[in-house]
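These are the residues of each chain, in order.
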Amino acid sequence: MEIQTILTPEAPAPGGHYSQAVVYNGLVFVSGQLAIDPQTGQRLTGSIEEQTEQCLKNIAAILESSSSGLNRVLKMTIYISDIELWGPVNSVYARIMGEHRPARAVVPVKDLHYGFKIEIEVIAATSL
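Residues numbered from 1 in each chain as written. Predicted model: local features only at pLDDT ≥ 70, side-chain atom pairs only at ≥ 80, totals over all residues. Heavy atoms only, no water.

A. Geometry of the layout of surface pockets. Approximately 310 Å³ is the volume found for the largest pocket. Around the largest pocket, the lining is made up of 15 residues, and of these Ala 13, Gly 15, Tyr 18, Leu 34 and Ile 36 lie nearest the centre. When the residues that make up the lining of the largest pocket are grouped by side-chain class, the tally is seven nonpolar, six polar and two charged. By volume, the second largest pocket amounts to about 160 Å³. As for the second largest pocket, its lining consists of 13 residues, and the residues nearest its centre are Gln 4, Val 23, Gly 26, Thr 126 and Leu 128. When residues of the lining of the second largest pocket are traced back to their parent elements, those giving at least two are strand 1 (4-6) and strand 2 (21-24). In terms of residue class, the lining of the second largest pocket is built from five nonpolar, seven polar and one charged. (1 Å grid on protein atoms, 1.4 Å probe; cavity = no way out; pocket = protein on both sides within 12 Å on 5 of 7 lines; lining within 4 Å. Points joined across faces, edges and corners; volume = space filled by probe spheres on them. Nonpolar A, V, L, I, M, F, W, Y, C, P; charged D, E, K, R; others polar. Helix = DSSP H or I, 4+ residues; strand = E, 2+ residues; numbered from the N terminus.)

This is the structure in structure tokens:
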């Protein structure tokens, strides 16, 4: 079985030597996504709510390009720069994810690139 790399213009281009995602054996592994607008390249470093929503939009676009979707997420790992931000992150997450409740880990970290407050990576199942 071939490993398929994913690159969609609907999500930010990788900033280094990695893929937006890889698909293998019915699973999608999405690289950590930051709050970057894929159309403008603008780094959205405002509120944690804005950053969380943009990260999840980027993930949704990558999953759609991978024959998957947010409703097929198996595990989400969320890195946040301050555990005190968890309440607002969880509110946005619940609104966007709806009734779907994948496994999840929240990892407090010291600093993220460029002053971002959140980064999210995902493992999902394809719908093929």
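B. Up close: the pairing of strand 2. Side chains Ala 21 and Val 23 project from strand 2 onto a buried face, and the interleaved Val 22 and Tyr 24 project onto a face without burial. Here strand 1 pairs with strand 2 via three bridges, running antiparallel. If you follow Gln 4 over to strand 2, its bridge partner there is Val 23. (Buried < 20%, exposed > 50% of the residue type's maximum accessible area, 1.4 Å probe, protein only. Pairing = 2+ DSSP bridges.)

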